[in-house]
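A closer look at the structure
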Amino acid sequence: MDKFTVLTAVAAPLPEENIDTDKIIPARFLKTTKRSGLGVHAFDNMRYRPDGSENPDFVLNQEPYRKAGILITYDNLGCGSSREHAPWALLDFGIRCVIAPSFADIFNNNCFKNGILPIALPRAVCTQLMEDARMGGNARLTIDLPRQVVVRPDGSEVPFEVDPLRKKLLLEGLDDIGQTLQHEKSITAFEDRRARAQPWIPRIVLD
């Protein structure tokens, strides 16, 4: 997982509530177990017309938001099914931070586990940030995770809260596997001892 420290990027405003995971990545794209390649299908039903052509009215089909690294929405982002493909699709598109007044719990957890920072801010603040985002490519937002602030284009700062452990894992780029591998020496030593004492039990090898 890539580290998250300071992100300066175009922010895409999507002023909708209850954007569920099926909107983020429709069920027909869930056959894959790969994390890559899903970005082109992020918000597929909203980005494309029935004939496959782009919907020019959808924000991510407009400049400069085609290269957005931040997504701003309203309440209850990521509701619906628990599919981890939703943050996979956002990440593959290029989104590293999502800002909303609230998030569905499982989606929120899956974002952290995949290197996306979800920031919960009051609705009025989200509206202000959307107005900033509508100013275009020169009006970028900066997400400063070490300092826990969102820096607006005018230089003013909006503080946000984040769980200390999740902050640490994002800063160090550690997902669940990365956390486990930090204890590789201890696990290997335990397996060596167990293999000598109980040779009939299959050995666990971290590879």
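Before any of the text, the structure's been laid out above.
Basis of the calculations
Per chain, residue numbering runs from 1 following the sequence as it is written. Totals for whole chains, interfaces and linings use every residue, but because this is a predicted model, local features are given only for residues with pLDDT of at least 70 and side-chain atom pairs only at 80 or more, for both listing and counting. Hydrogens are left out, water is left out, and the side-chain values use all remaining heavy atoms of the structure. We call Phe, Tyr and Trp rings a pair once their centres come within 6.5 Å, taking the six-membered ring for Trp, and we label the pair stacked below 30 degrees between planes, edge-to-face above 60, and tilted otherwise. Each helix is a run of DSSP H or I of at least 4 residues and each strand a run of E of at least 2, with the numbering of both proceeding from the N terminus. Note on classification: 1.4 Å probe, protein chains only; a residue is buried when its accessible area is under 20% of the maximum for its type, exposed when over 50%, partly exposed between these limits. One requirement defines pairing of two strands: DSSP has to find at least two bridges between them. Whether a crossover is right-handed depends on one test, that the path from the first strand over the helix to the second runs clockwise when the strands point away from the viewer. When a carboxyl oxygen of Asp or Glu lies within 4 Å of a side-chain nitrogen of Lys or Arg, that pair is called a salt bridge. Between N or O atoms, a polar contact is any pair within 3.5 Å; within protein, one atom must be a potential hydrogen donor and the other a potential acceptor, and residues adjacent in sequence are included only when both atoms are from side chains. We call two residues in contact whenever any of their non-hydrogen atoms come within 4.5 Å of each other.

1. Focus on the packing of aromatic side chains
- Enumeration over the complete set of coordinates arrives at 1 aromatic pair.
- With centroids separated by 5.8 Å and ring planes inclined at 45 degrees, the aromatic side chains of Phe43 and Phe58 adopt a geometry described as tilted. Taken as a pair, Phe43 in the loop between helix H1 (21–24) and helix H2 (44–47) and Phe58 in the loop between H2 and strand E3 (70–72) lie far apart in primary sequence, 15 residues in all. Taken as a pair, Phe43 and Phe58 share a single burial class, namely buried.

2. Topic: the pairing of strand E5 (residues 117–120)
- For strand E4 (residues 97–100) and E5, the ladder comprises 4 bridges, and the chain directions are parallel. Paired with Cys97 across the bridge in E5 is Leu117.
- In this fold, the crossover linking E4 to E5 by way of helix H4 (residues 105–113) has right-handed handedness.

3. Regarding the pattern of salt bridges
- Summed over all chains, the structure comprises 12 salt bridges.
- One salt bridge in this structure joins Glu54 and Arg66, with 2.7 Å as the shortest N-O distance. Residue Glu54 is found in the loop between H2 and E3, and its partner Arg66 is found in the loop between H2 and E3; the two are separated by 12 residues along the sequence.
- Judged by relative accessible area, Glu54 falls into the partly exposed class, the value being 34%.
- With relative accessibility at 33%, the residue Arg66 sits in the partly exposed group.
- Look at the salt bridges and you will find they share partners, linking Glu17, Asp75 and Arg123 into a network.

4. What to know about the side chain of Arg152
- Mapping Arg152 onto the fold places it in the loop between strand E7 (149–151) and strand E8 (157–159).
- In this structure the side chain of Arg152 is engaged in a polar contact, spanning 2.7 Å, whose partner is the side chain of Asp132.
- Discounting chain neighbours no more than four positions away, the residues touching Arg152 are Gln128, Leu129, Asp132, Leu141 and Val158.

5. Remarks on the pairing of E4
- Of the two faces of E4, the one carrying Cys97 and Ile99 and the one carrying Val98 and Ala100 are both buried.
- Pairing of E3 with E4 involves 3 bridges; the strand directions are parallel. Bridge pairing links Ile72 to Ile99 in E4.

6. Details of unusual backbone geometry
- The omega angle of the peptide bond from Glu63 to Pro64 is 0 degrees, so this bond is cis rather than trans.
- Following the sequence through the fold, Pro64 ends up in the loop between H2 and E3.
- The phi dihedral of Asn18 falls on the positive side, at around 55 degrees, and the residue is not glycine.
- Position of Asn18 among the secondary structure elements: in the loop between strand E2 (11–13) and H1.
- Under the relative-accessibility criterion, Asn18 is labelled partly exposed at 40%.
- Non-glycine residue Asn76 carries a positive phi angle of around 65 degrees.
- You can see Asn76 is positioned in the loop between E3 and helix H3 (85–93).
- By relative accessible area, which is 27% here, Asn76 ends up partly exposed.

7. Brief notes about the side chain of Asp132
- With respect to the helices and strands, Asp132 occurs in helix H5 (residues 123–133).
- According to the relative accessible area criterion, Asp132 is buried, its value standing at 7%.
- Not counting chain neighbours up to four residues away, the residues in contact with Asp132 comprise Ala139, Leu141, Arg152 and Pro153.

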